[in-house]
Amino acid sequence: MNLLSITDLSPDEIGAILDRADELKARRGDPAGDSRSILAGKSLAAIFEKPSTRTRVSLEVAMTDLGGHALYLSSKDLQLGRGETIADTARVLSRFVSGIAARVYDHATVEELGRHATVPVINVLSNAEHPCQILADLMTMRERFGRLEGLKVAWVGDGNNVCNSTILAAAMMGMEMAVASPPGYWPDRKILDQAESLGGRTAVVADPVEAVRGADVVETDTWISMGDEAEAAKRLAAFGRYQVNADLMRHAKSAAIVLHCLPAHRGQEITDEVMDGPKSAILDQSENRLHSVKAVLEKLMA
């Protein structure tokens with residue numbers, strides 16, 4: 001089984017992963033709950049075309065906690081950089097390791113790895129989706145509210161890969177979804193159609209106040225993702241009124257929380273006041289990248 005899209009999991013499987021992540025989080029550091037036998041003797045090849053803090057650290061620590069080993073493989077360190085095909089890389093790595101995680105620019109790369117590997121392949125970020133991030137987000141929402149079904153999630157900013165996975169997950173888990181983005185930066189139409197086929201309700205609007213009104217969760221991300229640097233000035237101008245700040249948060253529910261997958265450009269998409277304030281669940285969300293990916297690794301590799 002591969003995890004290339006959040007839709008590779010069923011709602012029941014997502015619920016089971018979140019249950020297991022909660023258990024692993026509660027047991028971490030408890031000698032009686034030692035989990036170092038789960039992936040003992042197993043290795044994960046972690047391919048990184050893009051740099052990372054949370055993704056790399058969560059994978060490496062997760063594998064260590066589960067008794068396995070992670071190999072950080074920059075694309076510059078692999079023969080991919082000298083023209084070896086993705087298919088050959090997948091076939092060869094499958095002879096050495098028990099799983100492959102890939103953080104890549106093009107979603108077609110993880111799809112190609114998935115077609116040719118004989119071990120599980122995990123998408124830990126592509127231009128289309130970020131399923132491991134959304135699992136951490138769902139874990140955080142459920143910790144705060146005790147449920148997922150019926151929550152309203154408002155996404156403010158770029159309709160990017162994390163937004164895509166959030167839209168799909170909301171449809172699968174019975175949540176209401178609203179996206180506020182400037183025209184030209186809306187989520188992929190295919191993602192919206194896919195969410196609708198899953199029974200989702202996704203409102204896409206230009207007005208951030210409209211999206212946030214009555215929200216339980218307000219989520220944002222950088223306006224300038226890796227690969228978008230050449231259009232930084234254009235993006236900053238387009239997204240100026242899509243900042244998550246105290247004024248915007250007044251339109252959400254009083255108990256609403258704020259999420260950001262990080263890294264944050266403070267003063268751009270989010271203010272210090274909100275990011276460091278009482279509504280912020282961002283550090284819990286970041287920590288939960290570890291516990292949720294441990295549950296994923298166990299499911300796919302144990």
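Please read all numbers here as calculations on a predicted model, not as lab measurements. (Residues numbered from 1 in each chain as written. Predicted model: local features only at pLDDT ≥ 70, side-chain atom pairs only at ≥ 80, totals over all residues. Heavy atoms only, no water.)

Novice: Provide a residue-level description of the sheet that holds strand β3 (residues 99-103), including the pertinent values.
Specialist: In spatial order, the strands read β2-β1-β3-β4; together these four strands make up an open sheet with parallel pairing. Edge positions in the open sheet fall to β2 (69-74) and β4 (121-123), since each of these has one partner strand only. For this sheet, the mean angle separating the axes of adjacent strands, direction not counted, is 20 degrees. Packing against the sheet, helix α2 (residues 54-65) makes contact with β1 (43-48), β2 and β3, and its axis sits at approximately 175 degrees to β1. (Pairing = 2+ DSSP bridges. Helix = DSSP H or I, 4+ residues; strand = E, 2+ residues; numbered from the N terminus. Axes fitted to C-alpha atoms, helices over the stretch in contact; angles between N-to-C directions. Contact = heavy atoms within 4.5 Å.)

Novice: Can you break down the side chain of D221 residue by residue, with the values?
Specialist: Looking at the secondary structure, you find D221 in the loop between β8 (217-220) and α9 (232-238). No salt bridge forms around the buried D221; measuring N to O, its nearest opposite-charge neighbour R54 is 8.7 Å away. Not counting residues within four places of it along the chain, the set of residues in contact with D221 comprises W155, V156, N160, V162, H260, C261 and E269. (Buried < 20%, exposed > 50% of the residue type's maximum accessible area, 1.4 Å probe, protein only. Lys, Arg positive; Asp, Glu negative; His and termini not counted. Salt bridge = Lys/Arg side-chain N within 4 Å of Asp/Glu carboxyl O.)

Novice: Summarise the sheet that holds strand β6 (residues 176-180); cite the residues concerned and give the values.
Specialist: Read from one edge of the open sheet, five strands run β7-β6-β5-β8-β9, paired in parallel fashion. Each edge of the open sheet is held by one strand with a lone partner, namely β7 (201-205) and β9 (257-260). When the angles between neighbouring strand axes are averaged without regard to direction, this sheet yields 20 degrees. Pairing analysis gives four bridges linking strand β5 (residues 152-156) to β8, with the strands arranged parallel. From the neighbouring strand, V156 faces β8, where its bridge partner is T220.

Novice: Any details on helix α3 (residues 86-96)? Residues and values, ideally.
Specialist: Along α3, the residues classified as buried are A87, T89, A90, L93 and S94. Mapping the buried residues of α3 onto a view down its axis gives an arc of 160 degrees, with all of them on the same face. Within α3, the exposed residues directed more than 90 degrees away from the buried face are R95 and F96. Where the residues of α3 are buried, they touch β1, β2, β3 and α4 (107-116). (Arc of directions from axis to C-beta.)

Novice: Explain the side chain of S58 to me, and be specific about the residues and the numbers.
Specialist: Its place among the elements puts S58 in helix α2. For S58, the side chain forms a polar contact with the main-chain oxygen of T55, separated by 3.1 Å. Look past the residues within four positions of S58 in its chain and what remains in contact with it is R289, L290 and V293. (Polar contact = N/O pair within 3.5 Å; in protein donor to acceptor, adjacent residues only side chain to side chain.)

Novice: With reference to specific residues and values, describe the nonpolar core.
Specialist: The nonpolar side chains of soluble globular proteins are, as a tendency, buried together. If you look at the biggest cluster of nonpolar residues, it comprises 58 residues, and the most contacted ones within it are I6, I14, I122, L138, M141, M175 and L297. If one sorts the elements of this core by residue count, helix α6 (residues 161-172) sits on top with eight residues. Apart from residues lying up to four places away in sequence, M141 is in contact with G146, R147, L148, L151, V153, M175, V217, E219 and L259. One finds A178, A211, A215 and L262 within the second-largest nonpolar core, a separate group that totals 25 residues. (Core = buried A, V, L, I, M, F, W, Y, C linked by side-chain atoms within 4.5 Å.)

Novice: Requested: an account of the environment of T271, with residues and values cited.
Specialist: On the secondary structure map, T271 appears in the loop between β9 and α11 (272-275). Each C-alpha atom, one on T271 and one on A178, is 21 Å from the other, the two residues being 93 residues apart in sequence. Each residue touching T271, except ones within four places of it in the same chain, is listed here: Q243, V244 and N245.

Novice: Go over the pattern of salt bridges, please, and point to the residues and values.
Specialist: This structure, assessed with the given rule, holds 20 salt bridges. With a closest N to O distance of 2.7 Å, E231 and R235 form a salt bridge.

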